[in-house]
Every structure is written in structure tokens, then in C-alpha cells.
Amino acid sequence: MKPLRSSLVALALTIAPLAAAAQQAVDSAYTARIRELTPTDRIWKFNTELVETMPASATVPTPLKVLGYVPGTLGRLSYVADLNRYFRALAAASPRTKLFSLGMSDEGREMIALVIADEATIGNLESYRTQLARLADPRGLGAADRAKLIHEAKPIYWLSGSIHSPETGSPEMLMELAYRLAVDESENSRIIRSNVITMITPVTEVDGRDRMVDADKEARELKLGAGGVPLIYWGKYTAHDNNRDGMVLSQKLTQNFMAGFLHWKPVVVHDLHESVPFLYTSTGTGPYNDEYDPIVVDEWHTLAYQEITELTRRGLPGIWTHGFYDGWAPNYTLLSIANLHNSIGRFYETYTSSGAGCRTVKLPAADTSRRWDRPNPPVNGVRWCIRNNINYQESGSLIALRYVADHRETFLTNYVAKAERMIDRGRNSAPYAFVIPRGQRHAAEAADLVNLFRAQGTEIHIATSDFTLKSAQPPTRARAADSAAQTAKVAAPVMVHAGDWIVRLDQPYAATARTLLAIQKFKADDPPPYDDTGWTLDALRHVETIKVADSTILTRPMQLLAEDAKVKGTPSGSGPTLLVRHLGDWRSAALPWRVGAGKVSVAETGFSADGASYPAGTFIVENPAAQAQEAIAGLGLNAVASAAPVSVRRHAITVPRIALLHSWIETQNEGWVRYAFDQMGIPYTYISEQGLKRPGYLDKVDVVVYPNVGAPAINLVNGRPMIGPAIPWKKTATTPNLGKWDETDDIRPGMGLDGLAALRRFIERGGLLLTTGNTSRLPVEMGFNSSVNIVATTRLNARGGIFRVQPVSTASPVLYGYESGSFPVYFSQQPLLAVTARDTTNTTEDVDPAIDVAREKMRAKVILKFHDKADSLLVSGLLAGGDEMAGKAAVVDAPVGKGHVLLFGIRPLWRWESQGSFALALNAIANWNHLEF
Ligand SMILES: [Zn+2]
């Protein structure tokens, strides 16, 4: 009964479109495969008439013809080279398509975009692109031209696949969708082709895709099931966080997408993800980012409810919206770029098959209950294969494309209106601009911020003469350093100097600067945050910016900055000794690596030379070679040459041999640290926890950097459960893309007790172990130094925000360059550290004083603590229960034998955002053998 009934339903639904396009033949072999691959069910449907049938073409090849299989075939996933080969074959055969390269990945794989529209539109693509660009920047656009453009232009709808590599279905689906849109003569496809320019990027994370295809093969060989081989590396650095790069554009895939976005200026960006059942179409719970135009929030809902209605009516279970993700942080790579540039950034989560397999759906009640936002919930007991996932994505995408096609002028009107509203806001209400002073302490870091805004398509101006403005908010440092200043009514005039950078807000692409330089206020009773709650970038990077409330700035003398800002260091004075002040930034801290081994010493106290005073941490370079001069200039530092000998207590810096330690549990967090080291030019060797066991390995290392791993400390020792077969991560004939950055015969073992013991011996004989976040739990829980504890909290809610820390051990080399007073750092919820105070209540008189001194010498020292006052803790983001956090240790130096563990509860190298705290880590590393103070 069951097969008969469902095939009748299927038959009934396929007749309608066939009748509508009677002249076009059906590709019967392909169509039969779609039907075979789609599970049938007595009640539910897992496909729609939009996707059930594949039209035939005499000239344009299907994926079946080029690659030998129909997308959704069990066990079949294509490598990037094959996907791109298919798209090139399609582009070569169809005049309705055109293929563009978006650029190459870190590992040299190509990201592409295929444009699809009717032949006339493709023939005039450049003029359609220009029309959209004019609407994207409507400054000076007259009413008649505006109306004409809205009438004639065509929105670009950009679909992107698999930024997340374990989410495997979208590249397969997008091949089929591209073919269908190119050849299908149905009314639906014709309307889409003539009203919308569809753009398809089949794979965003191209390096991770190839690894995932390999991992899927290996999982099947090992009979571990779909997803059975965890994807340890995705791209070179960031794994899942490749989708947290939309603000800072650090990764190649983001840079390629951003450049593509600024070239094409799409009206919609639709990012295809796979996780929750069965199709979540994004709107989010809120709170929504303050800078997203209310219109875009409406557009998310309009498109989402269109898909929900259309797919639900067709009998598909589990189409819903709202209750997943918030819409707050603007760091989701493709979405945020779109939403911050007057486009629509949206995404799907379809139910994953974690590879190319099948499963019987067995979900917890929380996923299948009927709720207001999920009146048509996912169901249990049905069969779910990769083809279900493809059918859902493809049907939903076609519905969205058709809706945009049918409402072309509405979407274009919204598109230009969002740009106009952004310009008007900056013209008519404060703030009118941000000034980024060039003459600031961290000028080179400020230039990086300027260049980031330029990369985001934001215009930057330079003041061409000095001028004074009326009141402004206190500059960043004052705001970040002291909550009192934040609320003070500062009415001092603002001096702007020739050469200062100005971000005018009367421009269409002002939202990125607005949100990156704003203070975020995430309320404790808002729905729980999905990711970071605060990201104020000038605070995180210790850069000064001034928010301008005086509208006359828009008429002051300035010119457009035509190329990236550069700050070159300047030497002054003459003599054999170069003095370089440490400014508490990574550029200063990186100087010893650039100058060359053994050439730099550092002052341990303040001193005077040639009538100027220098603080502790100042670098002293005797008889500098040309390399030192170049390094100083290149880093944007200022050096003073002194003729007189400098007399101060100092130590030579011996640049250490660094091991960057990764786990086989995940590499994402260390990936960001590795990225930062590569960017700063800090060399290291790269090993896994398993490598600690290698005899003698740690004898050749001075510093082990062990970044956060998202797992309990005990898992770092024990690894994964040793059940079933060994799981290699290795380049082989069948898995050519595994290995590469590191490899192992079996990812399951952790460092083991042997590795832990080796690590401890390494510290005891004088090494430095630097831990951040979760890995700081390991030495504490293993009792490396029993005077440090992790503080348990019950009410604290401090998810991913910016908080004030205060220096405690001001003489510690870790704080070289940091000024007195508090400063902002990134922290997320845990761990909070504490050092046991000396017990003065129970001492007897007959203790040998030498033993007492030795005990105190081994007591851990707090280097930085969170601000003592709960109401002064928060700079940006969410904080509740701050009294549990106030005054707790954020960075601790714990002596172990002759060496040290430097425990960071904070994350000093967070996602290429927290440059202001980079130097804390570099200082510790550079002074690894002089951490006593
Ligand atoms: Zn995803």
C-alpha cells in the first residue's frame, strides 16, 4: 500500500509542470534517479514539483553527464575541482550563464561564481551590474533616474554553498539548481531568469570541502557511518569560525567574498547551512544588531514566511523560522557583510546528512514539538537521506528566487531606500562621523582599522587642515578605561589635525564602522546570545576614535583616502644605542623577533636618557644593524638614537623556540592563534598533544603555547574514547587532502599521562607553558601549582564581551608597555582564576624562615585581575552577576620548578579582533626566561 499511494501522489504532482512546459522533454534517467533517491513516506513528502522532474537539454550537460552521478547519490560527494569542472562545462554550453573566479584559497583552490539569467541579461551583464551599483550608492541620483533604474534593474540573488565543510549537501544541490535554472523552460524558471540575476558559489570553504570528501570516504571505509571521521581541519586556520570573520575580513574566503560583493553588489545573499531539522529559514530571535535597517528585518521575515507557506502547503514537514540564532553579532561572514551593506543576508539550516548517507530520523521532543514559530515541526521515524536535504534546499531556493522575481521592484526600492536612509542618518543625526587621530599612541594599529573599513567598502577621508569641532563623546581610551568617564558629560572641543582619518557617516556603507565602533548593550533578559555579545573594535584593539556630534564636520576640509593608510616608524637622534619605547601593542612586542637573535635587551625599570624618561619595558638595541632600522620602520615604531651610554637594569631577550600545541579534538581556537602568529611573523613549530610523548622533543623547546580547546581538561589527557578502529588523519591515495598541516595514525589518543608528565618536566626545568581559556584548567586541575584555583560561578552571565582588567603585578614583564590604569580585554564566561592567599592565621613560631620564603616564591602571582567594582567591569556586551567576576584573576603567573605556567583566563588572541591584548602573550613569550620580578 505504502509505495503505491506515494507514487500516485508523486505522479499527480509531476503532471502539472510537464503540462506547463509541454514542449520541453524530460530527462527521464535523471528524473528517475531523483525519485529513487528520495525516500517515500505514507504521510509526508520530501520533494516538490519544482525539483521532482529534470528537464532535458540537447546542448547543456547535467551533473549526471559530466560527473557520472545525480546529486544525492548515496556515498557520492564531489571535490572542488570536479564541482568547478561541472560549472565550467555548464558555462561553456549555456548562453544563459557566465562564470567568474572569486580568487584562490590559502591552499590554492579556486572559489567561483556562476551568474545565471536570460540570454539578453547575460549579454548585457555589465550594464546590469552598473545599474545595481548606482542604486547601491544613490548619492546625487535624481528622482527620474531613480525610478527608471528601479524599473529596469535586476536584483542579484547570490546563493553560497558549504562555508561549513561538514555541511555537505549544498554544493551538490547548487550544481543541479544551476542546470535547472539554465535550461528549464517552465514558467517558474523563465520568470526567475528574466527578473533576477542568480549568482551561485557552490563552495565557499574550498579547502575544507576537499577534506570533507576525504573524511567521508574514510568514514565509510572504517564503517563509522556518516560524519564518523571528525573534520579536524577545515580551511588552513579557522574551521567553523570561518563564519565569524565578517567584521575583520581576516581569512582568504572572506576577502574573496567581500571583493566579489563589492563588485556585484547583490540584493540578496543566501548562505546554505545544514544542522537543525528540517529547514530553518533565518529570521532569528533577536535582539537584532542595532545597525541593521528595520527594512532588512522585515525582508528576512517576508522571505522566510513565503518559504514556510509554500513548502508547508506542498506537504513538507519541518519548515520553520525564528527560534534558532539571534541576529545580534555582525560577525557571520557572508550574512553580516550583506546586512551591513544594505543587502539582505539570510541563511538556511537544512537537516544534515553529515556526508552522503541516510538515517532514520530520531529527534528529541524539543525538536519535534509544535510551537508558535514551528507549527509544522519536524517529525520522527521518517527516512532522511542526502537527497531530502537537496530537495529541501533546492525547492526553498526556487521559491525565494521566484518571490524576488515577482517582487523585483519592491526589493530594488528597499535596496536603494536602505542606502538612502543610511546616508540621511549620517547627514541629519549624530554621530556624523568618527575621527581616528593619526598622532595616537597605536597609530599603526589605527591605520589597520582604517584599512579594514576601506576593505569593507567604506570611504575614508583625511583632514587636509587642522580644525576644531564642538563637543564629542570621550575618546575610546577614556570610555574603555573608566566607566565614570563613559557617563560624564564631556563637552570639551575636539581638535582635528591635518592627516587625521575621518569616517563620514553620510555614506551608504557606514554600518560597519557604526557597529564596530559602537558600545554594545545586550540585556540580561534578552533571549540567550548565539555568539559574542560585544565587539567594540577600537576598545579591543586599543585604538583611539572620536565619535563626532558636531554636524559641521561634514563641511570641513578633507579629501578621500585613495590608498591604504600606512604608518612608518621614525628614527630620531644619533648615537650607537637605539631606544624603542614599548607601547603595549603587538608591534612593539614583536620587535625582538624582527631585529634578530641576541640583539635586544629590555629595561626592567624606568630610566632617563638624553633628558627624556623611558618606562620599564623599553627596548635597548646596541649598535643596531640595518635590519633593526628596517624592522622599526616597518613596524611603525619610533626609535630614539642615544649617544650616551644607557644605565639601567636590563636583561637580554633570547627569542625562544616556540611550540604551538594543538589537540586532535579541535583546531579552531589554536587556528586563530596560529593565524595571529603568522601575521605577526612569530615563528613556531607545530605539534599535537600526542607529540609531547616523543622522547626528547620538549628538550628543543623553550615555550609551549597551548591555546583554548573546547573540551574538559581531562579530555586533553585522555583524548577520544578508544573504541572501534583507529581513525587516521593522514594523506593517502584515497584521502589526498587530509594531513597537510599535521597528521597522525589515530586522532583518538590525547597527550596521555606520559605527555602530561613530559609537559610538567618541561616547565620544571625552566620552560614556559602559556595557556588560554579552557586549557588554563589543565595545569590547575592537575595541580601543577596548587595555589591557583578556578572560581565557580552560579549567576555570572558574561558571554563573549569586553571587560576591564586592572594590572596587579605591575613589574611583571607581561605588562611591559601597558600603561597604568585599567584597559579592555575580551573574555567569555570562564575560567575565572584565583590565587590562594598566604595563610597568616595558622603559622607556628618554629617555621624556618627560608622555607617560608621558598613557599612564597612558589605562590602564583596575579598579573591582571578583572575590575574590582562590578559596575565598572563591562565595556561592551552582556554582563549579569558581575559581582562574581569583580576582582577575580584574569592572568596568573604560576611558578612550577624553575619554569612558569602563564594562565590566561581571558583570550588574548581572540579571532583577530583583540589586538590590544596580543602583547600580553608576546611579552610573556619574549621574556620567558625572565618572568621573575
Ligand atoms: Zn553551518
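Residues numbered from 1 in each chain as written. Predicted model: local features only at pLDDT ≥ 70, side-chain atom pairs only at ≥ 80, totals over all residues. Heavy atoms only, no water.

Novice: Could you give an account of the sheet that holds strand S16 (residues 546-548), with specific residues and numbers?
Specialist: If you walk across this open sheet you meet the 5 strands as S16-S11-S15-S12-S17, and the pairing is antiparallel. The open sheet has two free edges, formed respectively by S16 and strand S17 (558-560), since each of these has just one partner strand. Across the sheet, the mean angle from the axis of one strand to that of its neighbour is 30°, orientation sign disregarded. On top of the sheet, helix H17 (residues 443-455) reaches strand S11 (433-436) and strand S15 (501-504); it is set at about 30° to S15, its chief contact. (Pairing = 2+ DSSP bridges. Helix = DSSP H or I, 4+ residues; strand = E, 2+ residues; numbered from the N terminus. Axes fitted to C-alpha atoms, helices over the stretch in contact; angles between N-to-C directions. Contact = heavy atoms within 4.5 Å.)

Novice: Explain empty space enclosed by the protein to me, and be specific about the residues and the numbers.
Specialist: In this structure the tally under the stated criterion is 7 cavities of 30 Å³ or more. As a volume, the largest cavity reaches approximately 100 Å³. Considering the residues around the largest cavity, the lining is formed by 14 residues, among which Asp106, Glu205, Asp207, Gly235 and Leu253 are closest to the centre. When its residues are assigned to classes, the lining of the largest cavity shows 3 nonpolar, 6 polar and 5 charged. Each pocket or cavity is described by its volume, and for the second largest cavity that value is around 70 Å³. Broken down by element, the residue count for the lining of the second largest cavity peaks at 3 residues, all from helix H25 (residues 668-680). Residue composition of the lining of the second largest cavity, by class: 6 nonpolar, 3 polar and 2 charged. (1 Å grid on protein atoms, 1.4 Å probe; cavity = no way out; pocket = protein on both sides within 12 Å on 5 of 7 lines; lining within 4 Å. Points joined across faces, edges and corners; volume = space filled by probe spheres on them. Nonpolar A, V, L, I, M, F, W, Y, C, P; charged D, E, K, R; others polar.)

Novice: Got a sec to walk through the coordination of the zinc ion? Specific residues and values, please.
Specialist: Ideal values for angles at a metal depend on the geometry: 109.5 degrees with four tetrahedral donors, 90 or 180 degrees with six octahedral donors. Protein coordination at the zinc ion: the donors are His164 (ND1), Glu167 (OE), Glu167 (OE) and His273 (ND1), at 2.1 to 2.4 Å from the metal. Because the angles between the 4 donor atoms bound to the zinc ion fall within 55 to 150°, the donor set is best described as irregular. A relative accessible area of 3% places His273 in the buried class. (Donors = N, O, S within 2.8 Å, 3.2 Å for Na, K, Ca; no water. Tetrahedral: all angles 85-135°; square planar, octahedral: opposite > 155°, others 65-115°. Buried < 20%, exposed > 50% of the residue type's maximum accessible area, 1.4 Å probe, protein only.)

Novice: Could you give an account of the confidence of the model for the chain, naming the residues involved and the relevant values?
Specialist: Should pLDDT be low for a region, the predicted coordinates there are not to be read in detail. Per-residue confidence for the chain gives a mean pLDDT of 94, with 95% of residues at or over 70. Every residue in residues 1-21 scores below 50 in pLDDT, and together they form 19 contacts with partners more than four places removed in sequence or on other chains. (pLDDT = per-residue confidence, 0-100.)

Novice: Describe the sheet that holds strand S25 (residues 650-652), with residues and values.
Specialist: What the 6 strands build is an open sheet, ordered S18-S24-S19-S23-S20-S25; its pairing is mixed. Here the strands that pair on one side only, and so sit at the sheet edges, are strand S18 (571-573) and S25. Each strand axis lies, on average, 30° off the axis of its neighbour in the sheet, ignoring direction. One ladder, built from 3 bridges, connects S18 with strand S24 (residues 639-642); its direction is parallel. Its bridge partner being in S24, Pro571 is matched across the sheet by Ala639.

Novice: Which residues make up the nonpolar core, and what values do they have?
Specialist: If you look at the biggest cluster of nonpolar residues, it comprises 237 residues, and the most contacted ones within it are Trp501 and Phe866. With 10 residues, the single largest contributor to this core is helix H15 (residues 386-406). In terms of nonpolar packing, the next biggest core, distinct from the first, is built from 33 residues, Tyr706, Ala711, Leu756 and Ile763 among them. (Core = buried A, V, L, I, M, F, W, Y, C linked by side-chain atoms within 4.5 Å.)

Novice: Residue-level account of the side chain of Asp373, with values.
Specialist: Position of Asp373 relative to the elements: it lies in the loop between helix H14 (365-368) and strand S10 (383-385). A polar atom in the side chain of Asp373 sits 3.0 Å from the backbone nitrogen of Gly323. A distance of 2.9 Å separates polar atoms of two side chains, one belonging to Asp373 and the other to Arg371. The residues touching Asp373, leaving out its near neighbours within four places in the chain, are Trp320, Thr321, His322 and Gly323. (Polar contact = N/O pair within 3.5 Å; in protein donor to acceptor, adjacent residues only side chain to side chain.)

Novice: Which residues make up the packing of helix H12 (residues 294-313) against helix H16 (residues 408-428), and what values go with them?
Specialist: When two helices pack together, their arrangement is captured by the angle between the axes and the distance separating the axes. For the pair H12 and H16, the least separation of the axes is 10 Å and the interaxial angle reads 155°. Here H16 runs roughly antiparallel to H12, going by the angle between their axes. Every pair of crossing elements has a handedness; the one defined by H12 and H16 is left-handed. Where H12 abuts H16, its residues Pro294, Ile295, Val296, Glu299 and Leu303 lie against Phe411, Asn414, Ala417, Lys418 and Arg421. For the contact of H12 with H16, a count of residues per class yields 6 nonpolar, 1 polar and 3 charged. (Parallel < 35°, antiparallel > 145°, perpendicular 65-115°, else oblique. Left-handed = near helix turned anticlockwise from the far one by under 90°.)

Novice: So what's going on with the packing of aromatic side chains? Residues and values would help.
Specialist: Tallied over the entire structure, the rule returns 34 aromatic pairs. Ring geometry for Phe278 and Trp384: centres 4.4 Å apart, planes at 10°, overall stacked. Note that Phe278 is positioned in the loop between strand S5 (268-275) and strand S6 (279-281) and Trp384 in strand S10, a separation of 106 residues in sequence. Assessed through its relative accessible area of 0%, Phe278 is described here as buried. Judged by relative accessible area, which is 1%, Trp384 ranks as buried. Between Tyr325 and Phe347, the aromatic rings sit 4.9 Å apart at their centres with planes inclined by 85°, giving edge-to-face as the arrangement. Here Tyr325 is found in the loop between strand S7 (319-320) and helix H13 (333-339), whereas its partner Phe347 is found in strand S8 (residues 344-351), with 22 residues between them in sequence. A relative accessible area of 10% means that Tyr325 is categorised as buried. (Phe/Tyr/Trp six-rings, centres within 6.5 Å; stacked < 30°, edge-to-face > 60°.)

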